[in-house]
Amino acid sequence: MKQIQIENGVIRYYGNRVGRVTEGCAVVDPMFQNEALESFLRKQRNIQKIQWQDGIYDRLANSQEDMELAKGLKDVRIWQLRGDVDVHMKFLALSQMEQQYGSPKPDFYIKVYEGASDTNDLEELYDKFRYHPPSGYTGHGLSISDVLELYDETGSSFFYVDRYDFKRIDFTEPQPAEEFIHTMQF
């Protein structure tokens, strides 16, 4: 048996399931962080990024991670209102935002985080990004008026953080209508 191997997207270290690889990102439990494992992961052509995240080993050991992978674990982006937008736009419920400013528009937001996710559950993601943001997170704790994006190779789903829940929104710019050019033949 090899000391370190990747099998069906699961990283094994001396037989222990210590992480997973999805979409070019290796997410590994920091309990196993060492030079040999990091060197092995950096040599893999299909891995562009390594992220150390607590709890991965426990989830893999309890097979919870396998169930989540089976249903399609997505990556996450967090969008927050830019500093130069009208201060009154911040921390509004979606109904108020739409009434006063229209639907949330990507032009008003900046991306404050992008990375692998250990869950698709919006409540768990809220708690994580509200109280214990991972390294690389550059925004304030997740709150009302922020947009949480779950995405994979098939596309994105956007969720507005509302007062007591999440509202699915269309957060893409409308495509300009094609102009039809009529030509006249003589």
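Every value quoted in this text rests on a predicted model; they were computed, and no experiment measured them.

Q: Any chance you could break down the overall build of the protein chain for me, citing the residues and the numbers?
A: In terms of helices and strands, the protein chain carries five helices and 10 strands. The 186 residues of the protein chain split such that 42% are buried. For the protein chain, long-range pairs separated by at least 24 residues make up 59% of all intrachain contacts whose partners lie at least 6 apart in sequence. Only carbon and sulfur atoms are counted for the fraction: they give 49% of the accessible area of the protein chain, which is about 11400 Å².

Q: Please provide a residue-by-residue account of the pattern of salt bridges, values included.
A: Tallied over the entire structure, the rule returns nine salt bridges. Its salt-bridge partner being Asp165, residue Lys167 comes within 3.2 Å of it at the nearest N-O pair. The partly exposed category is assigned to Lys167, whose relative accessible area is 33%. Given the relative accessible area of 33%, Asp165 is considered partly exposed.

Q: So, helix H5 (residues 122–131): which residues are in play, and what are the values?
A: Taken together, the buried positions of H5 are occupied by Leu122, Leu125, Tyr126, Lys128 and Phe129. One side of H5 carries all its buried residues, which in axial view fall inside an arc of 165 degrees. On its buried face, H5 is in contact with strand S6 (75–81), strand S7 (109–115), strand S8 (147–152), strand S9 (155–161) and strand S10 (166–169).

Q: Tell me what's going on with the packing of aromatic side chains, and back it up with residues and numbers.
A: One pass over the full model with this rule turns up 10 aromatic pairs. Consider the rings of Tyr13 and Phe32, whose centres lie 6.1 Å apart with planes at 70 degrees: the pair is edge-to-face. Separated by 19 residues along the polypeptide, Tyr13 in strand S2 (residues 10–13) and Phe32 in the loop between strand S4 (25–28) and helix H1 (35–42) bring together distant segments of the chain. Phe32 matches Tyr13 in its accessibility class, with the two residues each being buried.

Q: So what's going on with the nonpolar core? Residues and values would help.
A: Ranked by size, the top nonpolar core spans 15 residues in total, and within it Val76, Ile78, Phe129, Tyr137, Leu142, Leu148 and Leu150 carry the most contacts. Put simply, the parts of the chain that give this core at least two residues each are S6, S7, H5, S8 and S9. A total of four residues in this core trace back to one element, the largest contributor, which is H5. Sequence-distant contacts of Leu142, that is, excluding residues within four places in its chain, are made with Ile78, Gln80, Leu125, Tyr126, Phe129, Arg130, Tyr137, Leu148 and Val161.

Q: Account for the sheet that holds strand S5 (residues 49–52), naming residues and giving values.
A: Strand order in the open sheet formed by five strands is S1-S2-S3-S4-S5, and the pairing between neighbours is mixed. The open sheet has two edge strands, strand S1 (4–7) and S5, and neither has a second partner. The sheet shows a mean angle of 25 degrees between the axes of neighbouring strands, direction not considered. Pairing analysis gives four bridges linking S1 to S2, with the strands arranged antiparallel. Residue pairing in the sheet places Glu7 in a bridge with Val10 of S2.

Q: Residue-level account of the sheet that holds S10, with values.
A: The strand order across the open sheet formed by five strands is S7-S6-S8-S9-S10, and the pairing between neighbours is antiparallel. On the outer flanks of this sheet lie S7 and S10, each paired with one strand and no other. Within the sheet, the average angular offset between the axes of one strand and its neighbour, ignoring direction, is 25 degrees.

Q: An account of the side chain of Gln80 is needed here, citing residue identities and associated values.
A: Relative to the assigned elements, Gln80 resides in strand S6. Gln80 gets classed as buried once you look at its relative accessible area, which sits at 3%. In terms of polar contacts, Gln80 uses its side chain to reach the side chain of Tyr137, at 3.0 Å. If we skip the residues at most four places from it in the chain, Gln80 touches Phe108, Tyr109, Ile110, Val112, Tyr137, Gly139, His140, Gly141, Leu142 and Asp146.

Each value, and the rule that gives it
Residues numbered from 1 in each chain as written. Predicted model: local features only at pLDDT ≥ 70, side-chain atom pairs only at ≥ 80, totals over all residues. Heavy atoms only, no water. Helix = DSSP H or I, 4+ residues; strand = E, 2+ residues; numbered from the N terminus. Buried < 20%, exposed > 50% of the residue type's maximum accessible area, 1.4 Å probe, protein only. Contact = heavy atoms within 4.5 Å. Areas by Shrake-Rupley, 256 points an atom, 1.4 Å probe, with all protein chains shown as cover. Salt bridge = Lys/Arg side-chain N within 4 Å of Asp/Glu carboxyl O. Arc of directions from axis to C-beta. Phe/Tyr/Trp six-rings, centres within 6.5 Å; stacked < 30°, edge-to-face > 60°. Core = buried A, V, L, I, M, F, W, Y, C linked by side-chain atoms within 4.5 Å. Pairing = 2+ DSSP bridges. Axes fitted to C-alpha atoms, helices over the stretch in contact; angles between N-to-C directions. Polar contact = N/O pair within 3.5 Å; in protein donor to acceptor, adjacent residues only side chain to side chain.

In short, the description is geometric, and any link to function would need to be established separately.
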